[in-house]
Amino acid sequence: MLHYMEQAKRSAPSDDGNELTFANVSRRNLLQAGTAGFAVAAFANPAEAFIKYPVGGTAMPNGLKYDPKIFVSIDPDGTVNIIAHRSEMGTGSRTSLPMVLADEMGADWARVKIIQAEGDEPKYGNQDTDGSRSMRHHIQSMRQMGASVRHMLASAAAKKWGVEPSAVKVGVHEVTSGSNKAGFGDLAADAMSLEVPKFEDLSFRSEKDFRYIGKGNVPMVDLHDITTGKAIYGADVMLPGMKVAVIARPPAVGEEPAKVDDSAAKAVPGVISVESLPITVMPAKFSPLGGIAVIAEHTAAAIKGRDALKIEWKKGPHSNYNSAAFTAEMRKTAAEPGKVLRKEGDMAGAMKDASKTFAREYSQAHMAHAMMEPPVAVADVKADSAEIWAPVQSPFGARQDIAKALNIPIEKVKVNVTLLGGGFGRKSKCDYAIEAALLSQKTKQPVKVQWTREDDIKHSFYHTTSVERIEVGLDDAGKVNAMRFNSVAPSILTTFAPDSGHQFFIENGMGHVDMPFQVPNLSIENGKAMAHTRIGWFRAVSNIPRAWAVQSFASELAHELGKDEKDMLLELIGSDRKLEPAAQGFPKDFWDYGETYAEYPIDTARLKNVLNLAAEKAGWGKTLPKGEGLGLAVHRSFVTYVASAVRVKIVDGKIRVPEVHQAIDCGYAANPERIRSQMEGAAVMGMTLALYSGVTFENGAAQQGNFDTYEMVRSDNFPETVHTHIVENPFSVHASGVGEPGVPPIPPAIANAVFNATGKRLRDLPFGDEI
């Protein structure tokens, strides 16, 4: 492992305790070497030295970058410009990552300006803003770049003043030595011309010297503009001569227009032309569905023109898809033995010898992301170049796909990233940006493709539907001695490759093969289910149905055995231990969210800790008024541990959620303000998924279209108070995911609370708000 120089030592602190002093380097060596080999005293003692640890970001496409000259520039007036290379959709990555760099650098946050990066991974490193990995993957690189700039500024000051390095101090946005003082802007040109120091020659701030990291005192950089309507989202982009397109897409995936009458559409005032886009069938990655586009002077004319189209659609390979029949088929499959993914002991034998068996099934409908901002993109395609403006989670991936679709070299394509009005994984798929690019190329003018809410819900990359079946065998003492867990669901992989009917290793690693219960005889299985619509990433992905099943089952088992629910969960989780994948029958391709398992093991002590914390804070065990109930659930996802304790209240036959307690252990909490925000948002989204979110299909077509049929929690029924309890960890406990882990425990916690309030058990998502 990389390490710090042993000579590092604390300097005498300044009044604000935030100055850094150089040590053990002569002025002559400094002048000869620039910043290469330049040793600087650390804020911390050697024992507290920050040591690099491996993260999954290095294995992502284009990996991580550590060059501060790419990410930082300083204006003569001292303004520090920091590149935000991740997309912003409310998670705060556009704030949090630059905040880490600024704090390590010594910048005053009030004098920091954030610049959004375009899609350019060879320059900035991986930009896929998904998987709850922005802080997890990039906190170290941000700190390293901040430390590098700080050292370069100090080096420039020492040269300028001709002083011994030990006399140079770096404070907040200024460098001093005796009576000499210079702001960052005064030293910027000289500092940024120096060689970037090597990692082993850097020193890092001690945690107690952080001004922003871990404090929760930095608001989102775009908060003011968002709340005052000044923020620029995809739909806000306007170009000279730009036209607007709205597209009639096939009702079922793969259906083609057999006959099109566009005469009425062309007669609509403001309509310019009607264009066709090629139909695609699965697997087609993120290619557009195809269809008939109406291009107009403005959005209203485009929508009215599309409504006037008369299209007869030819049936395709998925036109017979019906949700009810498909769910029944999945239930049948779940009851039969599936493909064994993980095996411990002799499950079949233990089941045969069990004193009692207990089994339950849990289902979940397809779900749509339903971001507040539907997909939208603007494209300006010339003869040999293209420029795109879009709210995309993967700007470089979009750039690659757009270049391929246009048959233009990728170097000639530029993707500008706007703010995202929600993403949840939907905007990792750039089909809407490809649509805009193709129509701009075809019509030789700038085009904005605007999706309506109905477009978004009827033509999404849906969260998969599923049936999860769990059955256990109990011994004479009522202990679980055997368990079979069969998960049946269409796979995301069908978006990219021919359908095998089975889920793949990434989905398997989301609360399925990594299920942490300590059961001696265990079989984790996957039944076959073919996809009949586009399946895509969704916030928390397959963790939602797995947590729904496992945590609901634990509650049901507790009731069956007359045990306390929390005690039942703790009993099932078992002893404090770190699971050993090889020794416990995990598949060889076990996926730990892309991380090195040794760095991010499954730790049952941390899992039990958040469960106990949430239960304690919620008052578990106290008697509640009639019609109220408290429910628990706990789940590990994205290498983070979250427990939810939800109190429900039945009012006039409707489910209300007056209070939620979220306990989260996400390793080092770099930005508590955003963590609290994400846990609050997760409670709201989790309640939506539990009560309302369900897309059903008839004849291959989605039956829901707007918020009247695909409902969301509203101001008259939402989690009224959400308490977030963050487990405090030092920096040595690696930062882990935050954006998604808060969602999976919420639906089962609500359902368990409803049972405790009413005695009614809920096993199918969504289950509605009426009891």
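The coordinates are above.
Residues numbered from 1 in each chain as written. Predicted model: local features only at pLDDT ≥ 70, side-chain atom pairs only at ≥ 80, totals over all residues. Heavy atoms only, no water.

Trainee: Where do I start with the pattern of salt bridges in this structure?
Mentor: Two side chains that carry opposite charge are able to pair once their charged atoms sit near each other. This model, assessed by the stated rule, comprises 42 salt bridges. Between Glu 344 and Arg 342 there is a salt bridge, and its shortest N-O distance comes to 2.7 Å. There is no split in this pair, since Glu 344 and Arg 342 are both buried. The closest approach of N and O atoms between Arg 674 and Glu 673, which form a salt bridge, is 2.8 Å. By relative accessible area, which is 10% here, Arg 674 ends up buried. Residue classification places Glu 673 among the partly exposed residues on the basis of a relative accessible area of 23%. Among the ionic contacts, a cluster of salt bridges with common partners joins Arg 331, Glu 361, Arg 469, Glu 471, Arg 484, Glu 525 and Asp 764. (Salt bridge = Lys/Arg side-chain N within 4 Å of Asp/Glu carboxyl O. Buried < 20%, exposed > 50% of the residue type's maximum accessible area, 1.4 Å probe, protein only.)

Trainee: Quick question: what am I supposed to make of the sheet that holds strand β23 (residues 640-651) here?
Mentor: In sheet architecture, strand pairing relies on hydrogen bonds along the backbone and comes in two forms, parallel and antiparallel. In spatial order, the strands read β22-β23-β24-β27; together these four strands make up an open sheet with mixed pairing. Across the chains shown, the open sheet's two edge strands, defined by having one partner strand only, are β22 (628-637) and β27 (722-726). When strand polarity is set aside, the average angle formed by the axes of neighbouring strands in this sheet is 15°. Bridge count between β23 and strand β24 (residues 654-665): ten bridges; the pairing is antiparallel. If you follow Val 651 over to β24, its bridge partner there is Lys 654. (Pairing = 2+ DSSP bridges. Helix = DSSP H or I, 4+ residues; strand = E, 2+ residues; numbered from the N terminus. Axes fitted to C-alpha atoms, helices over the stretch in contact; angles between N-to-C directions.)

Trainee: Before we go on, may I ask you to explain the packing of helix α16 (residues 543-561) against helix α20 (residues 746-758) in this structure?
Mentor: Relative orientation and spacing of two packed helices are given, respectively, by the angle between their axes and the distance between those axes. Running from N to C, α16 and α20 cross one another at 25°; their axes reach a closest spacing of 8 Å. In terms of axis orientation, α16 runs roughly parallel to α20. Relative to α20, the crossing made by α16 is right-handed. Contact residues: Ala 547, Trp 548, Gln 551, Ser 552, Ser 555 and His 559 in α16; Pro 747, Pro 748, Ala 751, Asn 752 and Phe 755 in α20. Its residues placed into classes, the contact of α16 with α20 shows six nonpolar, five polar and no charged. (Parallel < 35°, antiparallel > 145°, perpendicular 65-115°, else oblique. Left-handed = near helix turned anticlockwise from the far one by under 90°. Contact = heavy atoms within 4.5 Å. Nonpolar A, V, L, I, M, F, W, Y, C, P; charged D, E, K, R; others polar.)

Trainee: Can you help me understand the sheet that holds strand β16 (residues 386-390) in this one?
Mentor: Taken in spatial order, the seven strands make up an open sheet running β10-β11-β8-β18-β15-β16-β17, and their pairing is mixed. Of all strands in the sheet, those with a lone pairing partner are β10 (271-277) and β17 (413-417), marking the two edges. Each adjacent strand pair in this sheet contributes to an overall mean axis angle of 25°, direction not counted. In terms of strand pairing, β10 meets strand β11 (residues 291-296) through six bridges, oriented antiparallel. If you follow Glu 275 over to β11, its bridge partner there is Ala 293. The strands that helix α9 (residues 299-307) touches are β8 (243-248), β10, β11 and β18 (447-450); relative to β8, the one it contacts most, it runs at about 25°. Relative to strand β15 (residues 376-381), helix α13 (residues 431-443) is tilted by about 35°, and along the sheet it contacts β8, β10, β11, β15, β16 and β18.

Trainee: Hey, could you run me through the nonpolar core in this one?
Mentor: For soluble globular proteins, nonpolar side chains are generally found buried alongside one another. Ranked by internal contacts, the top residues of the largest apolar core, which has 163 residues, are Met 105, Ile 750 and Phe 767. With 13 residues, helix α5 (residues 134-161) is the single largest residue contributor to this core. Ignoring any residue separated from it by four or fewer positions in sequence, one finds Phe 767 in contact with Trp 548, Ile 655, Ala 690, Leu 691, Pro 747, Ile 750, Ala 751 and Leu 762. Residues Ile 295, Cys 430, Ile 434 and Val 447 belong to the second largest nonpolar core, which totals 35 residues. (Core = buried A, V, L, I, M, F, W, Y, C linked by side-chain atoms within 4.5 Å.)

Trainee: What should I look at first to understand the packing of aromatic side chains in this one?
Mentor: For any two aromatic rings, the description comes down to two numbers: the centre-to-centre distance and the angle of the planes. Per the stated rule, a full pass over the model turns up 19 aromatic pairs. Residues Tyr 362 and Trp 548 carry aromatic rings whose centres are separated by 6.2 Å and whose planes lie at 75° to one another, so their mutual orientation is edge-to-face. Taken together, the residues span a long stretch of sequence, with Tyr 362 in strand β14 (residues 356-364) and Trp 548 in helix α16 at a distance of 186 residues. The pair Tyr 362 / Trp 548 is uniform in exposure class, with both members buried. The rings of Phe 286, Phe 461, Phe 496 and Trp 537 are connected pair by pair, giving a single aromatic cluster. Here the basic side chain of Lys 52 rests over the ring of Phe 199, its NZ or CZ set 4.8 Å away from the ring centre. Across from the ring centre of Trp 451, 3.8 Å away, lies the NZ or CZ of Arg 249, which sits over that ring. (Phe/Tyr/Trp six-rings, centres within 6.5 Å; stacked < 30°, edge-to-face > 60°. Lys NZ or Arg CZ within 6 Å of the ring centre and 35° of its normal.)

Trainee: So what exactly am I meant to see when it comes to the side chain of Arg 534 here?
Mentor: Looking at the element boundaries, Arg 534 is found in the loop between β21 (521-527) and α16. Within the structure, the side chain of Arg 534 is placed 2.7 Å from the backbone oxygen of His 459, a separation counted as a polar contact. Among residues more than four places away in sequence, those in contact with Arg 534 are Val 253, Met 282, Ser 287, Leu 289, Arg 426, Asp 431, Trp 451, His 459, Ser 460, Phe 461 and Tyr 462. (Polar contact = N/O pair within 3.5 Å; in protein donor to acceptor, adjacent residues only side chain to side chain.)

Trainee: Which parts of the structure should I look at to understand helix α12 (residues 395-406)?
Mentor: It helps to recall that an α-helix has 3.6 residues per turn; residues three or four apart then point in one direction. Taking 1.5 Å per residue, twelve residues should reach 16 Å; α12 reaches 16 Å between its end C-alpha atoms and fits that length. Among the twelve residues in α12, nine count as buried, and that is most of the element. Within α12 the residues assigned to the buried category are Pro 395, Phe 396, Gly 397, Ala 398, Arg 399, Asp 401, Ile 402, Ala 403 and Leu 406. Those residues of α12 that are buried are in contact with α4 (121-124), β15, β16, β17 and α13. Following α12 by one or two positions, Asn 407 has its phi on the positive side, about 60°. (Expected span 1.5 Å × (residues − 1).)

Trainee: In this structure, what is going on with the side chain of Lys 429? I would like to understand it.
Mentor: Residue position: Lys 429 is located in the loop between β17 and α13. Apart from the residues within four sequence positions on either side, Lys 429 is in contact with Phe 286, His 369, Phe 461, Gly 536 and Trp 537.

Trainee: Can you walk me through the packing of helix α19 (residues 672-691) against α20 in this structure?
Mentor: Two elements in contact, α19 and α20, have axes separated by 8 Å at closest approach and are oriented at 65°. In the packing of α19 onto α20, the handedness of the crossing is right-handed. Contacts from Ala 682, Ala 683, Gly 686, Met 687, Ala 690 and Leu 691 of α19 reach α20 at Ile 746, Pro 747 and Ile 750. Considered class by class, the residues forming the contact of α19 with α20 number eight nonpolar, one polar and no charged.

Trainee: Looking at this model, I keep getting lost on unusual backbone geometry. Mind explaining?
Mentor: Phi is mostly negative for residues that are not glycine, and the peptide bonds are mostly trans. Cis rather than trans, the peptide bond between Met 282 and Pro 283 has omega equal to -5°. Within the fold, Pro 283 resides in the loop between β10 and β11. The omega torsion across Leu 765 and Pro 766 is -10°, close enough to zero to call that bond cis. One can find Pro 766 in the segment after β28 (764-765). Phi is positive for Ser 132, which is not a glycine, with a value near 50°. Positionally, Ser 132 belongs in the loop between α4 and α5. Although it is not a glycine, Lys 444 sits at a positive phi angle of roughly 60°. Secondary-structure assignment places Lys 444 in the loop between α13 and β18.

Function cannot be inferred from these measures alone, as they are strictly geometric.
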